[in-house]
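# Residue-level structure breakdown
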Amino acid sequence: MKYKFDWKDIIHGQLEIDAENGVEAEKLFKEMSLKKRLALSTISSDEGTLDIKYVDNGIGDIHTLEEWSKNWKHIS
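Now for a look at the structure at hand. (Residues numbered from 1 in each chain as written. Predicted model: local features only at pLDDT ≥ 70, side-chain atom pairs only at ≥ 80, totals over all residues. Heavy atoms only, no water.)

### Overview of the pattern of salt bridges
This model, assessed by the stated rule, comprises two salt bridges. Between Glu26 and Lys30 there is a salt bridge, with its nearest N and O atoms 2.9 Å apart. One end of the pair is Glu26 and the other is Lys30, both in helix H1 (residues 22-31) and four residues apart, which spans about a single turn. One salt bridge in this structure joins Glu31 and Lys27, with 3.0 Å as the shortest N-O distance. Here the residue Glu31 and the residue Lys27 both occupy positions in helix H1, the gap between them amounting to four residues, near one helical turn. (Salt bridge = Lys/Arg side-chain N within 4 Å of Asp/Glu carboxyl O. Helix = DSSP H or I, 4+ residues; strand = E, 2+ residues; numbered from the N terminus.)

### Let's talk about the side chain of Ser41
Along the chain, Ser41 falls in the loop between helix H2 (34-40) and strand E3 (42-45). Looking at Ser41, the relative accessible area reads 16%, which means it is buried. Looking at Ser41, its side chain comes within polar contact range of the main-chain oxygen of Arg37, at 2.6 Å. Once you skip the residues sitting within four places of it in the chain, Ser41 turns out to touch Gly13, Gln14 and Leu15. (Buried < 20%, exposed > 50% of the residue type's maximum accessible area, 1.4 Å probe, protein only. Polar contact = N/O pair within 3.5 Å; in protein donor to acceptor, adjacent residues only side chain to side chain. Contact = heavy atoms within 4.5 Å.)

### A short note on the environment of Glu66
Structurally, the position occupied by Glu66 is in helix H3 (residues 65-72). Overall, Glu66 belongs to the exposed group, its relative accessible area being 59%. Counting along the chain gives 14 residues from Glu66 to Ile52, while the straight-line C-alpha distance between them is 9.5 Å.

### Regarding a nonpolar patch on the surface
A cluster of nonpolar residues, Met1, Tyr3, Phe5, Trp7, Leu50 and Ile59, forms a patch on the protein surface that exposes about 700 Å² of accessible area. For Leu50, the position within the fold is in the loop between E3 and strand E4 (51-56). Judged by its relative accessible area of 54%, Leu50 is exposed. (Patch = residues over 30% accessible without salt bridge, like charges linked within 9 Å, V, L, I, M, F, W, Y side chains within 5 Å. Areas by Shrake-Rupley, 256 points an atom, 1.4 Å probe, with all protein chains shown as cover.)

Next comes the structure, spelled out in structure tokens:
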């Protein structure tokens, strides 16, 4: 069975950019897509910031995190 999680988390990244100066470096950084920025970065997240909005258990039912934790996640 497939389960779909709608989630968010606060992440932080660090990457290096070769540039002639800070203005160019910032321009290159801002022009990067999020996907590219994440691929080139060392990333981490804040402890305790993961938030699950809902879970779709694959049978047409969508559950809040509370419903999922209380009633559904242990059912296979």
